[in-house]
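Residues per chain, in single letters:
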Amino acid sequence: MSFGLKCMLRISLFISLITISTAGCLWPESRAVSVDDKPCQFNGYIVTHQVKEEQVLFVWGNIRAQDLEDKSVQQLIQLVKPNALWVDIRSIPQSFSPGDKVHLWISERDEIAYPGTAKAIRLEIINGSK
């Protein structure tokens, strides 16, 4: 094999490895995963608030506030699949309501079943969300 061909193969392999290794850091919003214990961030909507379990259903992606109206929780879960999570809000002190557009930081995401679960770290209501 000629030197030029070996060099081209090595360069191609190097570029492929770099592409694959950085692809894990550039996750799409619908598949956000905690990397190096950094919290994931999402913009989306609070759908329902289960006070007893201290959880909210949070959805994101290609959804508008109008899409949340007149649909059951199960219908919304199917509509936004895979962009829904049950989020533990026990550590969130402020109040919010179903339909609020929020910026959410989560950790400890579990995706074994859909919708998965996560723990909220911080939540900010986006102004003018209603």
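Residues numbered from 1 in each chain as written. Predicted model: local features only at pLDDT ≥ 70, side-chain atom pairs only at ≥ 80, totals over all residues. Heavy atoms only, no water.

**Structural notes on the pairing of strand 2 (residues 55-60)**
Applied cut-off: Residue burial is assigned from relative accessible area. The probe radius is 1.4 Å, only protein chains are included, and a residue is buried under 20% of its type maximum, exposed over 50%, and partly exposed in between. A run of H or I in DSSP becomes a helix once it reaches four residues, and a run of E becomes a strand once it reaches two; helices and strands are each numbered from the N terminus.
Burial runs high along strand 2: six of the six residues are buried. Covered by surrounding structure in strand 2 are Q55, L57 and V59 together with V56, F58 and W60, the residues of both alternating faces.

**Notes on the environment of I63**
Our working rule: Whether two residues touch is decided by their heavy atoms; if any such pair falls within 4.5 Å, the residues are in contact.
Along the chain, I63 falls in the loop between strand 2 and helix 2 (73-80). The exposure class assigned to I63 is buried, which follows from its relative accessible area of 10%. Separated by 13 residues in the primary sequence, I63 and L76 place their C-alpha atoms 9.7 Å from one another. Every residue in contact with I63, bar those within four places of it in the chain, is listed here: Y45, L68, L76, L79 and V80.

**Structural notes on the pattern of salt bridges**
The cut-off we apply is this: We define a salt bridge as a side-chain nitrogen of Lys or Arg found within 4 Å of a carboxyl oxygen belonging to Asp or Glu.
Tallied over the entire structure, the rule returns four salt bridges. The partner of E54 in a salt bridge is R90, and the shortest N-O contact between them spans 3.8 Å. Here E54 is found in the loop between strand 1 (40-50) and strand 2, whereas its partner R90 is found in the loop between strand 3 (84-88) and strand 4 (101-110), with 36 residues between them in sequence. Residue class for R90 comes out exposed when judged on its relative accessible area of 56%. The salt bridge partner of R90 is D88, with a shortest N-O separation of 2.4 Å. Residue classification places D88 among the buried residues on the basis of a relative accessible area of 15%.

Geometric values such as these leave the question of function open.
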